[in-house]
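What follows is each chain in one-letter form.
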Amino acid sequence: MKSEPDVFSLNDLIGLPSQTTFWEGVRNYQARNFMVNEMAVGDQVLFYHSNANPSGIAGLAEVVTPATVDITALDPSSKYFDARSTSANPRWYAVSVGNPVRFARFVPLNELKINRALREMLVIRKGQRLSILPASLQEFSTIVALGNPLRG
DNA sequence: GCCAACGTTGGC
DNA sequence: GCCAACGTTGGC
């Protein structure tokens, strides 16, 4: 899952009292569908910092609730407001993410690009702009080994 | 800040 | 249903 660290970083998540956040604001159908259809409570998440210097994977988190209606789409005062989403017929959904773990070492994008085991990984593809992307177990394990997360 | 890549919108 | 125009993403 991608987030711009200037907006919401892994450290921001770690700093929340609940260490949990609703992944609000996704306004792309494919990304939404991943959350609604593909994610389950307990799934591990690679927390990717996009538009960063450098961009890359900062650590891990975990899906802690199934997808529910993203009410920011219904709130005219929200920057994520979407008039086409209504409470009777909501268009946007999101999961909540918690249990953040910061990697001992940040894994930058250029390191992902040169790793043979990650050659097929979607996040390194040019023009791949989806804010939520699937990763295979092999890719996940490879990246965790690179980041060597400190476990609670 | 540039701009390539891509998704979405809306006229037809 | 096509596709040009537009807006956004995100690496660099």
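Our subject is the structure listed above.
Let me sum up the structure you'll find in this document. Treat the numbers as computed from the prediction; the structure is a model and nothing was measured.

## Observations concerning the layout of surface pockets
Okay, step 1: For the largest pocket, the calculated volume is near 640 Å³.
Okay, step 2: Listing elements by their share of the lining of the largest pocket, those giving two or more residues are strand E1 (2–3) and strand E2 (21–22).
Okay, step 3: Class assignment of the residues belonging to the lining of the largest pocket gives a composition of eight nonpolar, eight polar and five charged.
Okay, step 4: Its boundaries defined by the atoms lining it, the second largest pocket holds a volume of some 440 Å³.
Okay, step 5: Lining the second largest pocket we find 22 residues, and of these Gln 44, Leu 46, Leu 133, Pro 134 and Ala 135 sit closest to its centre.
Okay, step 6: The biggest single contributor to the lining of the second largest pocket is strand E3 (residues 44–49), with four residues.
Okay, step 7: Broken down by class, the residue content of the lining of the second largest pocket amounts to 16 nonpolar, three polar and three charged.

## Brief notes about the protein's contact with DNA strand B
Okay, step 1: Around DNA strand B lies a shell formed by Asn 28, Tyr 29, Gln 30, Arg 84, Lys 126, Gly 127 and Arg 129.
Okay, step 2: Each atom of DNA strand B within 4 Å of the protein belongs either to a base or to sugar and phosphate, the latter forming 74%.
Okay, step 3: Grouping the amino acids of the surface near DNA strand B by side-chain chemistry returns one nonpolar, three polar and three charged.

## Some details on the pairing of strand E4 (residues 56–69)
Okay, step 1: Pairing of E3 with E4, which is carried by six bridges, proceeds in the antiparallel orientation. Looking at E4, one finds that Phe 47 is bridged to Gly 59.
Okay, step 2: Here E3 folds back onto E4, and the loop between the two strands holds six residues, one of which, Asn 51, carries a positive phi near 55°.
Okay, step 3: Taken together, the nine bridges between E4 and strand E5 (residues 93–108) define a ladder with antiparallel strand orientation. Opposite Gly 56, over in E5, you have Pro 108 as the bridge partner.

## A few points about helix H2 (residues 29–38)
Okay, step 1: If you check which residues of H2 are buried, you get Ala 31, Arg 32 and Met 35. Take H2 and look down its axis: the buried residues cluster within an arc of 100°, on one side only. Along H2, the residues that are exposed and aim more than 90 degrees away from the buried face are Gln 30, Asn 37 and Glu 38.
Okay, step 2: Where H2 is buried, its residues meet E4 and E5.

The rules behind the values
- Residues numbered from 1 in each chain as written.
- Chains lettered and ligands numbered in written order.
- Predicted model: local features only at pLDDT ≥ 70, side-chain atom pairs only at ≥ 80, totals over all residues.
- Heavy atoms only, no water.
- 1 Å grid on protein atoms, 1.4 Å probe; cavity = no way out; pocket = protein on both sides within 12 Å on 5 of 7 lines; lining within 4 Å.
- Points joined across faces, edges and corners; volume = space filled by probe spheres on them.
- Helix = DSSP H or I, 4+ residues; strand = E, 2+ residues; numbered from the N terminus.
- Nonpolar A, V, L, I, M, F, W, Y, C, P; charged D, E, K, R; others polar.
- Near = heavy atom within 4 Å.
- Pairing = 2+ DSSP bridges.
- Buried < 20%, exposed > 50% of the residue type's maximum accessible area, 1.4 Å probe, protein only.
- Arc of directions from axis to C-beta.
- Contact = heavy atoms within 4.5 Å.

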